[in-house]
Amino acid sequence: MEQTVFITGSNTATFRCPQCGKAKTADVSRYVATNKKVTVNCTCACGHRFRCRLEKRRQYRKSVNLPGRFVCKEEGRLPDTGLMSVVDISTTGLKLKMSVPRTLPIGMQLRVEFQLDDNKRTPMEKRVIVRNVSGPYVGVAFHSDDLDDPALGFYLMP
């Protein structure tokens, strides 16, 4: 099984052996500039061999399937609403899958509503900004007023 290891701001990564739990931090700066997915083979001091995928994203992303809805308000037009699902979530944004593909311009603001699948079924209502669109998938970043959310931070803890 392949584990995901995040590259830090100082271009290092910490590899943890799934067998014995020992950790080793290594310089991975030679992999930072590449645009390809990078998988490295690791051998622990205990002799166990394992594979790690290096992740260059700044924030951890959690894969989810959370149903919700969105509202899009443009000046001079009636609000557009629709169903969507959150397919991944991080502390800085979401990846949405629209139930019906939409033509949303980059920079457009939306309001999204969904519930986390935690014990409390925590309701989320966030203002987001469209960053990219690929078919039914829309990448959005949280509005600067909605970035600090303790419930979301707790939900994303590994």
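- Named according to an unreviewed UniProt entry, the protein is PilZ domain-containing protein originating from Desulfosarcina ovata subsp. sediminis.

What about the domain arrangement of the protein?
So, point 1. Under the domain assignment used here, the protein contains domain 1 (2-55) and domain 2 (61-156).
So, point 2. The distance between the C-alpha centroids of domain 1 and domain 2 comes to 31 Å.

Here's the deal with the sheet that holds strand β1 (residues 2-6)
So, point 1. Here three strands make up an open sheet; going across it, the order is β1-β5-β4 and the pairing mixed. With partners counted over all chains shown, the strands left at the sheet margins are β1 and β4 (38-43), one partner each. For this sheet, the mean inter-axis angle between neighbouring strands, taken without regard to orientation, is 40 degrees.
So, point 2. Note that β4 and strand β5 (residues 49-55) share six bridges and pair antiparallel. In the strand pairing of β5, N41 is matched with R51.

What to know about the sheet that holds strand β10 (residues 123-134)
So, point 1. If you trace the six strands once around the closed barrel, you get β6-β7-β8-β11-β10-β9, paired in antiparallel fashion. Between one strand axis and the next, the sheet turns by 45 degrees as a mean value, whatever way the strands run.
So, point 2. Of the strand pairs in this sheet, strand β6 (residues 62-72) and strand β7 (residues 80-89) are connected by nine bridges, and their pairing is antiparallel. Residue pairing across strands places L66 opposite V86, the latter belonging to β7.

Quick word on unusual backbone geometry
So, point 1. One non-glycine residue, R121, adopts positive backbone phi at about 50 degrees.
So, point 2. With respect to the helices and strands, the residue R121 is situated in the loop between β9 (109-115) and β10.

Thoughts on the pattern of salt bridges
Side-chain pairs of opposite charge can arise whenever the charged atoms involved come near each other.
So, point 1. One pass over the full model with this rule turns up seven salt bridges.
So, point 2. Between E2 and R53 there is a salt bridge whose closest N-O contact spans 3.9 Å. Within this pair, whereas E2 is found in strand β1, its partner R53 is found in strand β5, the two being separated by 51 residues in sequence.
So, point 3. Judged by its relative accessible area of 37%, E2 falls in the partly exposed class.
So, point 4. The exposure class assigned to R53 is partly exposed, which follows from its relative accessible area of 25%.
So, point 5. With a shortest N-O distance of 2.7 Å, D149 and K126 are connected by a salt bridge. Residue D149 is found in the loop between β11 (137-142) and α2 (150-155), and its partner K126 is found in strand β10; the two are separated by 23 residues along the sequence.

Details of the packing of aromatic side chains
One pair of aromatic rings is described through two measures. These are the centre distance and the angle between the planes.
So, point 1. Applying the stated criterion across every chain yields a total of zero aromatic pairs.
So, point 2. In this structure, K95 is placed above the aromatic ring of Y137, and the distance from its NZ or CZ to the ring centre is 5.0 Å.
So, point 3. Here the basic side chain of K126 rests over the ring of F142, its NZ or CZ set 5.3 Å away from the ring centre.

Cut-off values and rules
Residues numbered from 1 in each chain as written. Predicted model: local features only at pLDDT ≥ 70, side-chain atom pairs only at ≥ 80, totals over all residues. Heavy atoms only, no water. Domains from an automatic or database assignment. Pairing = 2+ DSSP bridges. Helix = DSSP H or I, 4+ residues; strand = E, 2+ residues; numbered from the N terminus. Axes fitted to C-alpha atoms, helices over the stretch in contact; angles between N-to-C directions. Salt bridge = Lys/Arg side-chain N within 4 Å of Asp/Glu carboxyl O. Buried < 20%, exposed > 50% of the residue type's maximum accessible area, 1.4 Å probe, protein only. Phe/Tyr/Trp six-rings, centres within 6.5 Å; stacked < 30°, edge-to-face > 60°. Lys NZ or Arg CZ within 6 Å of the ring centre and 35° of its normal.

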